[in-house]
Amino acid sequence: MAIDGSHPHDPQDPQDPHDPYGFDTVDLSWLRAKAGVKWHQDPELLNAWVADMDFPPPAVVLDALQARVARADLGYADWGYPHPQTPACQVFADRAARRYQWHVDPAEVRDFCDVMQGVQVMLHLATAPGDGVVLHTPSYPPLWQTLQAMGRRQIDVPARVDAAGVHFDYDELERRLTSEPAKVLLLCHPHNPTGHRFAVEELVRLVAIAERFDLLIVSDEIHADLTYDAMHVPIASIAGAAARTVSMHSPSKAFNLAGMRHAVAHIGPARLRDALLDLPDHFVGAINLLAAEATVAAWEHGDDWLDSVVAHLDRVRLRFADLVATRLPEVKHRPPAATYVAWLDCRDTGLGDEPFLACRAAGLKVSDGNDFGPSGAGHVRVNLATSTAIMELIVDRLASALGPDRA
Ligand SMILES: Cc1ncc(COP(=O)(O)O)c(C=O)c1O
């Protein structure tokens with residue numbers, strides 16, 4: 001590691017043509033010196049929990065931030081008053097058309113400080129305490145915790161995971177909705193923690209259900225850029241969906257910018273755009289100048305880096321799955337179709353509901369499956385956004401915590 005704690009590899013000076021951005025060069029001493037929560041909280045452990053990548057963000061983003069600081073131009077932004085829109089809204093619309101063939105009117109895009117803020121504001125505007133909200137489970141913790149904190153009634157769509165993939169029973173959901181009314185389908189697409197990428201047929205079915213039961217769709221698509229075998233399909237691009245859908249996007253997962261705090265929402269329903277305008281103008285805060293700068297740089301100039309990081313994560317997820325299958329035969333796992341998190345079913349290891357404790361005792365910090373709701377008991381979530389060598393160390397520690405020869 002360089003003396004000043006900076007990353008040792010200059011991403012603009014590629015050393016290995018097979019790893020031009022140095023994803024396999026991250027080293028543990030550099031990670032352990034970082035101030036972010038992933039490595040700072042327990043630097044002595046091997047950290048594979050919270051969803052940050054171990055790689056530096058793309059140089060194009062760092063350069064844009066440095067250029068802004070170098071101009072010493074950090075005053076109030078000129079983004080419109082009283083209803084500002086950052087340049088990221090237009091950039092988002094251009095990119096949606098280019099990348100997803102999804103045509104979005106930039107006038108319908110709004111900024112938020114983060115994805116969860118956008119989700120909460122939409123639930124605040126569209127629902128009241130006691131209203132039903134459909135949620136696929138297990139679920140990214142802040143989604144179900146939001147429903148609990150806001151007093152919304154959670155209607156589960158439980159995942160059944162087998163060797164063929166992740167399945168949800170939509171006949172059962174329709175039956176439930178007939179007797180248990182709901183207002184919103186809160187989708188996490190792609191799905192955290194199972195890594196499920198909703199296929200077009202599934203999205204079509206969900207839109208039909210939303211039409212039949214008159215549901216607003218709030219779709220958290222923060223992992224959209226991290227799919228492997230097929231491109232992400234935004235649910236709002238399915239026929240009939242756009243006018244009832246709010247889609248949340250952010251560069252924070254795919255470009256490793258979670259600390260910047262910025263997201264955008266395409267808000268299809270005009271009544272929700274109007275309701276948002278009616279809120280007092282400081283109610284949802286304002287966007288940080290540098291965060292918007294980072295988003296624009298990532299979305300305008302980050303595609304080459306993104307392609308490389310997805311190719312790296314693809315190799316890592318497949319190698320991880322092979323190693324788990326050989327060394328941890330009692331653990332059920334299939335490689336995620338999207339996201340860089342692996343969802344491990346450890347219920348046959350005999351370690352009970354909290355296998356993350358055995359991992360911790362073996363020096364490995366993973367996410368506790370229980371945080372993802374009751375169906376997460378006996379599971380752990382492992383963050384694979386790291387080098388191949390660190391992933392292999394993670395497997396070593398999983399093997400000593402959960403494997404057949406564990407101490
Ligand atoms: C599905 C999902 N939604 C939202 C977030 C958090 O987004 P933000 O920090 O923008 O609220 C994450 C972070 O891991 C996530 O996985």
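Conventions adopted
- Residues numbered from 1 in each chain as written.
- Predicted model: local features only at pLDDT ≥ 70, side-chain atom pairs only at ≥ 80, totals over all residues.
- Pairing = 2+ DSSP bridges.
- Helix = DSSP H or I, 4+ residues; strand = E, 2+ residues; numbered from the N terminus.
- Buried ≥ 20, exposed ≤ 12 C-beta atoms within 10 Å, placed from the backbone.
- Axes fitted to C-alpha atoms, helices over the stretch in contact; angles between N-to-C directions.
- Parallel < 35°, antiparallel > 145°, perpendicular 65-115°, else oblique.
- Contact = placed C-beta atoms within 7 Å.
- Nonpolar A, V, L, I, M, F, W, Y, C, P; charged D, E, K, R; others polar.

Turning our attention to the sheet that holds strand β10 (residues 341-345). Strands sit in the order β10-β13-β12 across an open sheet of three strands; the sheet is antiparallel. The open sheet is flanked by β10 and β12 (367-368), the only strands paired with a single partner. When β10 meets strand β13 (residues 379-383), the two strands line up antiparallel, connected through five bridges. In the strand pairing of β13, Asp345 is matched with His379.

Okay, the pairing of strand β6 (residues 184-188) next. The element β6 is largely enclosed, with a buried count of five among its five residues. The alternating pattern of β6 places Val184, Leu186 and Cys188 and Leu185 and Leu187 on opposite faces, both of which are buried. Sheet topology note: the strand β3 (residues 132-137)/β6 ladder contains three bridges and is parallel. Residue Val133 lies in a different strand from β6, and its bridge partner there is Val184. Of the strand pairs in this sheet, β6 and strand β7 (residues 216-220) are connected by five bridges, and their pairing is parallel. Within the sheet, the bridge partner assigned to Val184 lies in β7 and is Leu216.

For the rest of this paragraph, the subject is the packing of helix α5 (residues 115-126) against helix α9 (residues 270-278). For the pair α5 and α9, interaxial distance at closest approach is 10 Å and the crossing angle is 100°. Taken together, the axis directions place α5 and α9 in an arrangement best described as roughly perpendicular. Side by side, α5 and α9 meet where Met122, Leu125 and Ala126 of the first sit next to Leu272, Ala275 and Leu276 of the second. Of the residues in the contact of α5 with α9, the class split is six nonpolar, no polar and no charged.

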